[in-house]
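Summary of the model geometry
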Amino acid sequence: MNDSSPAHLPRYIDHYARSVEDPEGFWAEQTLAVAWFQAPLQTLLDKPDGTQQWFTDGRLNTCYLALDRHIELGRGAQPALIYDSPMTGVQRQFTYVQLRDEVARLAEVLREAGVKQGDGVIIYMPMVPEAAMAMLACARIGAVHSVVFGGFAPNELAVRIDDAQPRLLLTASCGLEFDRVIEYKPLVDRALALARHPPAQVLVLQRPQARAEMQSGRDLDWAQALAEARPVPPVELSSGDPLYIMYTSGTTGRPKGIVRDNGGHAVGLLYAMTAVFGMRPGDVWWGISDVGWVVGHSLIVYGPLLAGCTTVLYEGKPIRTPDAGVYWRIIEQYGVNSLFCAPTAMRAIRRQDPQADGLKGRDLSTLRQLFLAGEKLDGATHAWLQEKTGKPVHDHWWQTETGWPVTAPCMGLAGSRSKAGSSNQPVAGYVVRVLDEQGAERVDGEPGAIVLRLPLPPGCSQTLWRDHPRYLDAYLKAFPGYFHTGDGGYVDAEGFVHIMGRTDDVINVAGHRLSTGEMEDGVSHHPSVAECAVIGVPDALKGQVPLALVVLKDGADPGPLQAEVVAWVREQIGALACLREVRIVKRLPKTRSGKILRAVLRKIAAGEDVVAPSTIDDPVILTEIAQVLSVFR
Ligand code: COA
Ligand code: AMP
């Protein structure tokens, strides 16, 4: 455990106490850090359905705050974005002025394509600066972007298109994986053919590695359109206007469209960048993720830019691009002050280079600390990373729904502690509780459902795109007065939160959140499958990988099953799902009413002791399943 934060800073304990005792007063104070067009007079509006709206009458523009504002303050010549792509060998920097100009012109391209304030825009792009520019250009004109991770298959893209009903889709000719070029345009074309609400136009960034076939009348060339565009100013938006939709896996096949508003997001995220991550204007921040995930939104694009930092946008992997030393090279080359990454990435580096030879001779003196999240940070990786870098390593926990950390050590405040093995203490604004199934509070360190007491702080999602009832049902119904996070865990005697894993049908594969329910939907349609359950099993590199437990139909041939199921998941969901194992079992554990006991399966897979529930139809089946799963532990 350590407390390395300087004592001249505001105290964590004061911020936290104030945020809990007087949320309105605390967050009203934090609004002062934001350059509103019209500062809000009303801080918090509590609605009868349990949701909140922050800063109702405030008016602002997130793109202005991320770019123009810093230029006004004299930071125009400071690098805003550094693009480093070992995939292509390109290294490029954009100052705040250059990035603002690119974004302002791209905003005009969007307008010319018919995009208006409030319209949806889908962004399906690799990790190139234009992806960040696309997000910011939408924000500039009040369009609502939804970035879809490039690893998702056309079917998944189509599902998101149909939900967002975008006016425009932005893409690139290709993404780059270790040693192959993935052509995006054919994937987009297939998705548009599958979608019921395809956008009328597609803006395509041609990359040198692949040339996209353009469909006349629908597809627009990015470079050509931009060359003719003039910059447009940011529009004034209401605090509650949506900034983006981020689709995330729920327990069913239908992803949830998490909506982030402009005002709450600006205040909450700016608070996180300074109080949690300890970032100051001019600092260099590296969020190692992809813009297709919430961490990419908050920690590659909006967070560092709102805070006036230089953000590093990396197109590469932790290993093999070209080797396990690439992270250390980047930290040294750009003088990175702080970074975020997923534990999987560090596990990959450790596995490839256990002695950290790639780090030798590298100057990491600018680096103050490393933040890890997205999945549990295992003790071995934590200890290795801390030992090899000589820097503090912090686990912290959040979700797409919150948009910024719920628990974390606060490096911008004094007296906040970090405890290895835990996900750390709640950040100001979050009251974390552990409840049992009946909703009674567990105060004794016993595990249960992790919930957040309402009101949620600014920036947390308060609705789902076009489906508010589903939001209420998924998050606020189970435990009245609390937001149900879907994670299980406990709070120890010192108040540190320990996240143990999901309590629903969501798994985390290499830090990517995926729905087992969705995979199950598909697997169960295979003609040989009578029924199935997909669960996450531990994986030394990726944390978890999915495994399908399948009961065959009478007389079905098990021969081609595995290959067909694996191919189906790749084809329908995407390679990132990594479903590679299918196991045939005689039966699945069920309640007497026929419901598959997934919670029991999850526990067996995690190696926990399982007492056969009284509702189970046949307890003997648990022994068979435990045997099948034992090889994965
Ligand atoms: N576009 C297209 N395909 C993609 C993709 C993208 N953006 N991202 C991943 N894929 C594909 C990969 O090519 C791979 O396909 P394959 O099965 O045909 O080889 C599959 O999806 C799985 O990819 P990945 O999870 O990257 O596994 P990997 O074995 O190729 O690499 C790691 C292992 C550890 C290097 C990699 O998982 C990694 O970098 N993890 C860090 C993840 C991360 O930063 N997450 C942040 C979210 S918080
Ligand atoms: P996402 O919404 O994609 O960011 O995924 C959020 C989920 O990832 C959480 O609900 C957790 O299950 C998991 N997660 C994120 N950070 C951590 C962490 N530090 N420790 C354990 N699980 C985490």
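Everything in this summary refers to the structure shown in the same document. (Residues numbered from 1 in each chain as written. Chains lettered and ligands numbered in written order. Predicted model: local features only at pLDDT ≥ 70, side-chain atom pairs only at ≥ 80, totals over all residues. Heavy atoms only, no water.)

1. Remarks on the side chain of Asn 61
Here is the rule we go by: Helix and strand assignments come from DSSP, with helices taken as H or I runs of at least 4 residues and strands as E runs of at least 2, each series counted from the N terminus. By the criterion applied in these results, polar contacts are pairs of N or O atoms within 3.5 Å in which, for protein atoms, one can donate a hydrogen and the other can accept it, and in which residues neighboring in sequence qualify only through two side-chain atoms. In what follows, a contact means two residues having at least one pair of non-hydrogen atoms within 4.5 Å.
You can see Asn 61 is positioned in the loop between strand 3 (59-60) and helix 3 (62-72). At 2.9 Å, the side chain of Asn 61 and the backbone nitrogen of Tyr 64 are in polar contact. One polar contact links the side chain of Asn 61 to the main-chain carbonyl oxygen of Arg 140, over a distance of 3.2 Å. Contacts of Asn 61, omitting those with residues within four sequence positions, involve Phe 37, Ala 139, Arg 140, Pro 234, Val 235 and Leu 237.

2. Overview of the environment of Ala 356
Position of Ala 356 relative to the elements: it lies in the loop between helix 12 (343-352) and strand 19 (369-372). In this structure Ala 356 touches Trp 384 and Lys 388, once residues within four positions along its chain are discounted.

3. Focus: helix 14 (residues 468-476)
Inclusion rule: Each residue's exposure class comes from its accessible area (1.4 Å probe, protein chains only) as a fraction of the maximum for that residue type: buried when under 20%, exposed when over 50%, partly exposed otherwise.
Every buried residue of helix 14 is accounted for by Arg 470, Tyr 471, Tyr 475 and Leu 476. Tucked inside the fold, the buried residues of helix 14 contact strand 15 (256-261) and strand 23 (482-491).

4. A few points about the site of ligand 1
Our working definition: Throughout, near means a residue has at least one heavy atom within 4 Å of the molecule or strand. A 1.4 Å probe and the Shrake-Rupley method give the accessible areas. Residues count as covered only by the protein chains that appear here. Nonpolar residues are Ala, Val, Leu, Ile, Met, Phe, Trp, Tyr, Cys and Pro. Charged residues are Asp, Glu, Lys and Arg, and all others, Gly as well, are polar. Note that the domain bounds reflect an automated or database-derived domain assignment.
The local shell around ligand 1 holds 25 residues, among which Glu 177, Arg 180, Lys 317, Lys 542 and Arg 570 are the closest. Note that an oxygen atom of ligand 1 is positioned 2.9 Å from one of the side-chain N or O atoms of Lys 317. Here ligand 1 loses 84% of its free accessible area of 930 Å² to cover by the protein chains. Of all the secondary-structure elements, those providing two or more residues to the shell around ligand 1 are strand 10 (180-183) and helix 12. Of the residues that constitute the shell around ligand 1, the class distribution is 13 nonpolar, six polar and six charged. Each of two domains, domain 1 (12-316 + 396-489) and domain 2 (507-632), supplies a minimum of three residues to the shell around ligand 1.

5. Overview of unusual backbone geometry
Cis geometry marks the peptide bond from Thr 321 to Pro 322, where omega comes out at 5°. The backbone of Gln 165 shows a phi angle near 45°, a positive value even though the residue is not glycine. Of note, Gln 165 is situated in the loop between helix 6 (154-164) and strand 8 (168-172). We note that Arg 320 has phi near 65°; this positive angle belongs to a residue other than glycine. Looking at the element boundaries, Arg 320 is found in the loop between strand 17 (310-314) and helix 11 (326-334).

6. Focus: the sheet that holds strand 21 (residues 432-435)
To keep it simple, the criterion reads: Only strands joined by at least two bridges in the DSSP assignment are considered to pair. Each axis is a line fitted through C-alpha atoms, taken for helices only over the stretch in contact, and angles between the N-to-C directions span 0 to 180 degrees.
The antiparallel open sheet is built from four strands, whose spatial order is 21-22-23-24. Because the sheet does not close on itself, it has two edges, and the strands there are strand 21 and strand 24 (497-502). Across the sheet, the axes of successive neighbouring strands diverge by a mean angle of 50°, strand direction being ignored. Sheet analysis places strand 23 next to strand 24, joined by five bridges and oriented antiparallel. For Tyr 490, the partnering residue across the bridge sits in strand 24 and is His 498.

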